[in-house]
Amino acid sequence: QVFVITNLSAPTKTVFLDNRADCWSVGEGGLFGFAFHPAGDRVFTWANETNRVAGTMVNRLCRWTVDPANRNRVLPTSKVILIEQVDQHPDHSAGDLQFGPDGYLYLPLGDEGGGNGVLGNAQRIDRDFFSGIMRLDVDGRPGSLAPNPHPSVRGGYRVPPDNPWVGATSFNGQPVGANAVRTEFWAVGFRNPHRLSFDVNGDLYAGDVGNVRWEEFNRVVRGGNYGWNWMEGNETTVFPQAPPVSSRPAINFVAPFWAYQHTAIAPPGTDPRFTGHCAIGGFVYRGSRYPQLVGKYLCADWANRHVWAVTLDPQVQVERIATASSGVNAFGMNPLTGDILVVEVKSGIISKLVPAPPPGGIPPTLAATGAFADLQTMTPADGILPYEVASPFWSDYATKTRWFYLPPGGAVSRDADDHWSYPAGTVWVKHFDLPLVRGSTVSRKIETRFLVKTANAVYGLTYRWRADQSNADLVADAGLDTSFPVLDSGISTQQSWHYPARVECVTCHNPIAGHALGFSTRQLNLPVQVEGGGTVNQLLGLSALGVFSPGFTTVAGLPRLSKPLDATATLEHRFKSYTDANCAYCHQPGAPGRGDWDARFSTPVSESSIINGAVLDDLGFTGAVIVQPGHPGMSVLYRRISDFTAEGELSEYHMPPLASHQRNGPAANLVWQYIVSLTERTLWRIGTNGPVSQPQAEFSAENGRNDPAPGSPGALDDDYYFAGTYPAGFNRLPATLRVSADEPWIYWEWANTVADRTNRIHLATTTPGLLTLDLSWARGGSSSNGVVIPGFGVHAMVILLNDREIFRGNISAPRVLRIASPIPAGASTLQIVRTGPAVPNTLAWVVSDYLKLTKAP
């Protein structure tokens, strides 16, 4: 729907246009934009709609006529469809319609959806209405051209004759059919240009929402190619959906005037005030009400809630001027007052920007806050109450102590659905002690954080403890990175520590998550010790103090989270508790996290889109999903919390993305166990059935050594490990070996030779059953005194399962061998051994193409 708001002193909202009968509201779907014709008699809309005849989703550009008798509404029956493009995905539909100073209609188009440009619409001008910005003549001016034929064209517009690809016969160095070119395009190479605006000089600006690394803002020029999906930001992409860099033609892509990195992959030391996940374009301010913003481009990040002002000339400079309460979706101006308006779509609020008060008023030290009666013992002041949580958020080995404060007469309100709300002035305090010797109680104070509730939002402050532990000082708005000496297993190391920027606090403590993350029924429902000895359920104890309205009278049947190592809870309960505490603040409906999965404890796994859920980034593991039953290595959730680089640093895609530098070992083990528990492994495979002429290309080069056991995962030796747990003693292992993901098949040797005759395959299963082996030998050969002997040769081969012979024979031609054999529960070893012949001065080899092991369900 489109509304008219009149009488702004006492706002009245009435319906201007109602498109609910046709609009599609799945995912990001809906009504994206509308624009008045300069004459004021027509309105154009762009929306996801339902083709009721075909039963498909379509993107529709429509024209409506304003009611001449009532300018505050359209004629309901006046809708005319101009373009109807079938759309396979409800995301990336862009659609911020704008009439330019030239009187033409400009319409941005996304790439149809999915990650990495998977649907193949980027870098095309001869396909469909995606991944560009169109320029249309909706008035039929003399000289304008008819659009080229396309199933989506319904009529009602023409193509300006100076559009850049009118008459084009090539694009990106490749020929295109002149009749297939979408001459409507003004610029191309966009992923999801969600918002457009024109400056008074006619310059066109667009914010283009990024994929997994970069967000960008562009000045759009005629015929410009902005790179997606061959470029993201200023970085060349290597997505599988794009051609290899070496085979791309030389193209002068138009660079963004500002691109910023995603928070999760920004290098250490990056100012968090200038990272994010979702670029929202605004406009260049030319008014008089905000003199400090004149000539600056206003823009935002929807996910991280930044609002920026960008100085464009003579060089780009960016300043963060505000933090939205729930993420800016669009900018506008009140034509009557000159106020800059922002739409915060999640909260349903239209706000205006106002100058900030002069700085000051924030206590410069922890002592000055008055929160503690004694800093040395961390004794809180009167009225500040302690609390504990059932499942703490991971904080790099730090131990935490928590308190909260309610203003006089205030209480935590609870509704029938157990949603909590807090009075303005509520404060939560969290203190961090870092163990200086891992695994001991020897620690030091490092940080104390405050989260303060206002009428509509929250803000955070943090204090850094001094080296002498006498007091703590307020950390600047941009945050701070430092390190502390820590003794780990007798080795001295430096542990990194991040003091969050104030804007980072509200990234996690967002309104969708309820602001106070650890303050909930499921987190506070646990027994706690009380003064004088004994325990009491925390919810009941706080209720007795008047903290809740209404109070809790029983905890029977109420949810409660569990810790990763809590053996009294089921594996699934602990897994759901972990995702609730560490992921759900971003990953739930409406929250700023990317991807369509729900990490909340209250959502059953079967309804959460976690199992086999689609991902925006497969992290380079083709076919990866959020959780693939039985396969931690193909589960993005596991890899994001567990993967580190060879240097022991966090991988660039590590989650949670803020203030974490250390691997959460208990959580990684928990998630690994949960994924493995979902199903028994039924299929192990190395290599593919590729060209017989080059089968060895699927594996590494032969290392020429018959290496003794045990093998080493990841090394180029004779031992290949499938995912599983292998006990100490197996294959002479000195300790239990847990392999979280199948070794890449490139680690398996491709040949059995005289000098290196054995390949060992290790696999683990929890139940006995029937194992079927399919082994393809694709090529054989031999040489004598350095001269290759023609033909495949005759090669004596033996295959052993747990030292039990299951095949013996000669291989003299390419073949696929299939063997069925019982397999016990536990760790097993399959050995493929070339036993001969061994002739003096003769080398011989037999080359494998692929190996597949299938275990009957």
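In this text the structure is predicted, and so the values were computed from the model without any measurement. (Residues numbered from 1 in each chain as written. Predicted model: local features only at pLDDT ≥ 70, side-chain atom pairs only at ≥ 80, totals over all residues. Heavy atoms only, no water.)

Asker: Whenever I open this one, the packing of aromatic side chains confuses me. Can you help?
Answerer: When we look at a pair of aromatic rings, we describe it by the centre distance and by the angle of the planes. All told, the structure shown has 41 aromatic pairs when counted by the stated rule. Judged by centre distance (5.0 Å) and plane angle (85°), the ring pair of Phe-372 and Trp-403 falls under edge-to-face. Here the residue Phe-372 occupies a position in strand S26 (residues 372–374), and Trp-403 occupies one in strand S29 (residues 399–405), the gap between them amounting to 31 residues. Overall, the relative accessible area of 5% leaves Trp-403 in the buried class. An angle of 80° between the planes, with centres 4.9 Å apart, marks the rings of Tyr-721 and Tyr-726 as edge-to-face. (Phe/Tyr/Trp six-rings, centres within 6.5 Å; stacked < 30°, edge-to-face > 60°. Helix = DSSP H or I, 4+ residues; strand = E, 2+ residues; numbered from the N terminus. Buried < 20%, exposed > 50% of the residue type's maximum accessible area, 1.4 Å probe, protein only.)

Asker: Is there a simple way to think about the sheet that holds strand S49 (residues 795–801) in this case?
Answerer: Strands belonging to one sheet form pairs held by backbone hydrogen bonds; the direction of such a pair is parallel or antiparallel. Spatially, five strands are ordered S42-S46-S52-S49-S50 in an open sheet, and the strand pairing comes out mixed. Whereas interior strands pair on both sides, the edge strands pair on one side only; in this sheet they are strand S42 (719–721) and strand S50 (804–811). Adjacent strand axes in the sheet meet at a mean angle of 15°, parallel and antiparallel pairs treated alike. With eight bridges connecting them, strand S46 (residues 758–765) and strand S52 (residues 826–836) associate as antiparallel partners. Across the sheet, Thr-765 pairs through a bridge with Gly-826, a residue of S52. (Pairing = 2+ DSSP bridges. Axes fitted to C-alpha atoms, helices over the stretch in contact; angles between N-to-C directions.)

Asker: Which parts of the structure should I look at to understand the packing of helix H5 (residues 571–582) against helix H7 (residues 665–677)?
Answerer: In a pair of packed helices, the angle between the axes and the distance between the axes together describe the arrangement. Two elements in contact, H5 and H7, have axes separated by 10 Å at closest approach and are oriented at 130°. The angle between H5 and H7 places the two elements in the oblique class. In terms of crossing hand, the pair formed by H5 and H7 is left-handed. Residues Leu-571, Glu-572, Arg-574, Phe-575 and Tyr-578 of H5 form the contact with H7, whose participating residues are Ala-667, Leu-670, Val-671, Gln-673, Tyr-674 and Ser-677. Across the contact of H5 with H7, the residue classes break down as seven nonpolar, two polar and two charged. (Parallel < 35°, antiparallel > 145°, perpendicular 65-115°, else oblique. Left-handed = near helix turned anticlockwise from the far one by under 90°. Contact = heavy atoms within 4.5 Å. Nonpolar A, V, L, I, M, F, W, Y, C, P; charged D, E, K, R; others polar.)

Asker: Help me out: how do you make sense of the pattern of salt bridges in this one?
Answerer: It is possible for side chains bearing opposite charge to pair when their charged atoms get close. On inspection of all chains with the given rule, the structure shows 32 salt bridges. Here Arg-60 and Glu-49 are joined by a salt bridge, their closest N and O atoms 2.7 Å apart. In this pair, Arg-60 sits in strand S5 (residues 56–65) while Glu-49 sits in strand S4 (residues 42–51), placing the two residues eleven residues apart along the sequence. Side by side, Arg-60 and Glu-49 carry an identical accessibility label, which is buried. (Salt bridge = Lys/Arg side-chain N within 4 Å of Asp/Glu carboxyl O.)

Asker: So what exactly am I meant to see when it comes to the nonpolar core here?
Answerer: One broad rule of soluble globular proteins: the nonpolar side chains tend to lie buried together. Counting residues in hydrophobic clusters, the biggest one holds 33 residues, and the most contacted among them are Trp-777, Ile-799, Leu-851 and Leu-853. Looking at this core element by element, the count peaks at four residues for strand S47 (residues 769–784). For Trp-777, the contacting residues outside a window of four places in its chain are Met-797, Ile-799, Phe-807, Ile-811, Pro-814, Arg-815, Leu-817, Ile-832, Val-846, Val-847 and Ser-848. Grouped together as the second largest cluster of nonpolar side chains are 25 residues, Phe-32, Phe-44, Ile-125 and Phe-171 included. (Core = buried A, V, L, I, M, F, W, Y, C linked by side-chain atoms within 4.5 Å.)

Shape descriptors only; they carry no functional weight alone.
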